[in-house]
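Report on the structure
Next come the chains, spelled out residue by residue.
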Amino acid sequence: MRINMKFTSKGKAAIENFNNEELLEIFARYIKTLTKKYDIEVDVPLEANQNIVQDGTVIAMAQNVKCDVDTFFKELGRDIKVPLKKRLGGKLENVFKTEFIE
């Protein structure tokens, strides 16, 4: 399953403070933490995420999904806000909207 995480306008403003490698590392770290709680395998492939800031989207691939995918990505969105908010230095609502593609 392919998941497109499209950044909101405030989310786009926040990710402009990061480079691509930092964003990939942040997503990988938080996904790894959440997969301990949820029964799902998620990968954020480098080749599909070359220009996250420019594209405004992070693409993830999920497999062996044995949990509520929507809940997993909502929690990921809440977790991702933490480092983005620190660097943005302001209030941050929803960071991205999730689109699931079979």
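Keep in mind that this is a model prediction, so the values were computed, not measured.

This brings us to the sheet that holds strand β4 (residues 96-101). Read from one edge of the open sheet, four strands run β2-β3-β1-β4, paired in antiparallel fashion. Looking at the sheet topology across the chains shown, the edges are occupied by β2 (41-43) and β4. Going across the sheet, the axis of each strand differs from the next one's by a mean of 25 degrees, ignoring polarity. When strand β1 (residues 2-7) meets β4, the two strands line up antiparallel, connected through six bridges. Along β4, the bridge assignment pairs asparagine 4 with glutamate 99. Running over the sheet, helix α4 (residues 69-88) touches β1, β2 and β4 and is turned about 150 degrees from β4.

Attention shifts here to the environment of glutamine 50. Its place among the elements puts glutamine 50 in the loop between β2 and α3 (52-55). Considering only alpha carbons, one finds glutamine 50 and glutamate 21, 29 residues apart in sequence, at a separation of 9.0 Å.

So, about the side chain of threonine 8. Mapped onto the fold, threonine 8 is located in the loop between β1 and α1 (9-15). Discounting chain neighbours no more than four positions away, the residues touching threonine 8 are Asn94, Val95, Phe96 and Lys97.

Now for helix α2 (residues 20-34). If you check α2, its first and last C-alpha atoms are 21 Å apart, about what 15 residues at 1.5 Å a residue would give, namely 21 Å. Among the residues making up α2, those that are buried are Asn20, Leu23, Leu24, Ile26, Phe27, Tyr30, Ile31 and Leu34. Along the long axis of α2, the arc covered by the buried residues comes to 160 degrees, so they all point the same way. Every exposed residue of α2 that faces more than 90 degrees away from the buried side is listed here: Glu21 and Lys32.

About the criteria used
Within any chain, residue numbers begin from 1 and follow the written order of that chain's sequence. Local features in this predicted model are restricted to residues whose pLDDT is 70 or higher, and side-chain atom pairs enter the listing and the counts only when it is 80 or higher, whereas totals over whole chains, interfaces and linings include all residues. Hydrogens and water are ignored here; the side-chain numbers use all heavy atoms of the structure. Should DSSP find at least two bridges between two strands, the strands are regarded as paired. Numbered from the N terminus, helices here are DSSP runs of H or I no shorter than four residues, and strands are runs of E no shorter than two. Angular values range over 0 to 180 degrees, each being the angle between N-to-C directions of two axes fitted as lines to C-alpha atoms, with helices fitted over their stretch in contact. The contact rule is simple, with two residues in contact once any of their heavy atoms fall within 4.5 Å. A helix is expected to reach a length of 1.5 Å times the quantity of its residues less one. The buried label applies to any residue whose accessible area, calculated with a 1.4 Å probe on protein chains only, is under 20% of its type's maximum; exposed applies above 50%, and partly exposed to all values in between. When we speak of the arc, we mean the arc of directions from the helix axis to the C-beta atoms.

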